[in-house]
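Coordinate analysis (summary)
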Amino acid sequence: MSVAARAAGLIRLGHPFPSLLDGVVVAGIALIAAGDLGLAARLGGSMTALQASIGALNDLRDAPADAGRKPGKPIPAGLVAVPVARAVVVTAAAAGVALAAPSGPGLVALALLVLAIGYAYDLAAKGTPWSWVPFALGIPILPLYGWLGASDAVPGWLVALVPIAAIAGGAIAIANARADLERDETVGQASVATSLGLEDSWRVSVVLVVGAMAAAAAWLATTGDSPPPILAVIGLLAGLLVTAAGLVVGRRAAPARRERAWQLVAVGIAVFGIGWVAAAAS
C-alpha cells in the first residue's frame, strides 16, 4: 500500500470536514476579537486538533462494526492500524491543549471540556436517540473558545449567543444523523433520525434552524446601536442562503446527497455565526 494512500487514511481518520470547519469558526471569531492573524491561526489549529482527536476516537470505537460494512473507512480498509489510530487520538488531543496553553488556564480548561464532550459522544451518546446532545453542548463552545483565546474576557453579548448556538447545534446533529439513517437502520443503531423518521427529522431540523436564526437576527435588531458592517451583513445573508440550500437539498434525497446537504447546513450555520459575531462586536 502506497505512502500516499496511508497519508490520506490518516487525514480521513481525523474527520477533516468538521474538524477544519470548527477550526475556521474559532479562527474567524479570534480574528474579530483581536485582529491578530497569528493568534487566530493558533487557536484555529488548536480546535482542529481537538476535533481530529475526537474524530479518530470515533473511528476506533466504530472499527469492529465498520468491518465489512464500511470498507472505505481508514481502519477497516487497512490504511491505519489500530495502534496508530490510538496514537493519533492522544497526539492530536495533546497538540490541541498545547496550542491552547499560551492563552491561559481558562482556555486549557475549555479545551479539556471540548474533549470531554466529544469523547462522551463517541463512547456513550452515539448510537442513541440522545446523540444530538453533545452537538448542542459543543457548538456554543466554538465562539467562546475563539473569543476567550484572543482576549481576557468574554463579553456579555457573546454569552447571549450560547442558547442560540445550542439550538443550531441540535439542527446540525439531526442533519448529520439523517445522512446515516439507512445505514443505522441496517445495523440496528439508534439515532435521533431513526427515532423521528426521515420526514419528521427534517421538519424538526427546519424548525430549529429557523428558530435559531430568527432569535439571532432579533437580538441584533433590538440591541444594536448602529448598522452592522457590510461584511457582517454579507456573512449573515450568505449563511442563511447556504443553510436553506442544505435543508432543501436534503429533504428527500438519497443518502449520499443528504451527506452533502448536512455539510451545507453546517457551513451555512458557521458562516451565519461568524457574521453574527462580527455584527454584534461592531
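In this report, we go over the structure that sits alongside the text. (Residues numbered from 1 in each chain as written. Predicted model: local features only at pLDDT ≥ 70, side-chain atom pairs only at ≥ 80, totals over all residues. Heavy atoms only, no water.)

1. Let's talk about the packing of helix α9 (residues 161-179) against helix α12 (residues 198-223)
One can describe the packing of α9 onto α12 by two numbers: an axis separation of 8 Å at closest approach and a directional angle of 155 degrees. For the element pair α9 / α12, the angle class is roughly antiparallel. In this structure, the crossing between α9 and α12 has a hand that is left-handed. Contacts between α9 and α12 involve Ile-164, Ile-167, Ala-168, Gly-170, Ala-171, Ile-174 and Arg-178 from the first element and Leu-198, Ser-201, Trp-202, Val-204, Ser-205, Leu-208, Val-209, Ala-212, Ala-215 and Ala-216 from the second. In the contact of α9 with α12, the residues fall into 13 nonpolar, three polar and one charged. (Axes fitted to C-alpha atoms, helices over the stretch in contact; angles between N-to-C directions. Helix = DSSP H or I, 4+ residues; strand = E, 2+ residues; numbered from the N terminus. Parallel < 35°, antiparallel > 145°, perpendicular 65-115°, else oblique. Left-handed = near helix turned anticlockwise from the far one by under 90°. Contact = heavy atoms within 4.5 Å. Nonpolar A, V, L, I, M, F, W, Y, C, P; charged D, E, K, R; others polar.)

2. Re helix α7 (residues 141-150)
Owing to its 3.6 residues per turn, the α-helix brings residues three or four apart onto one side. Taken across its ten residues, α7 has nine buried, putting it largely inside the fold. For α7, the complete set of buried residues consists of Ile-141, Leu-142, Pro-143, Leu-144, Tyr-145, Gly-146, Trp-147, Gly-149 and Ala-150. (Buried < 20%, exposed > 50% of the residue type's maximum accessible area, 1.4 Å probe, protein only.)

3. Notes on the packing of α12 against helix α14 (residues 255-281)
At a closest axis distance of 10 Å, the pairing of α12 and α14 adopts a crossing angle of 10 degrees. As the angle between them shows, α12 and α14 are arranged roughly parallel. Contacts from Leu-198, Val-209, Met-213, Ala-216, Trp-219 and Leu-220 of α12 reach α14 at Arg-258, Ile-269, Phe-272, Trp-276, Ala-279 and Ala-280. Residue composition of the contact of α12 with α14, by class: eleven nonpolar, no polar and one charged.

4. Overview of unusual backbone geometry
Leaving glycine out, the prevailing phi sign among residues is negative, and the prevailing peptide bond configuration is trans. Positive phi, normally seen in glycine, also occurs at His-15, with a value near 50 degrees. Along the chain, His-15 turns up in the loop between α1 (3-13) and α2 (16-34). The class for His-15 is partly exposed, based on a relative accessible area of 24%.

None of the figures reported here should be taken as evidence of function without further support.
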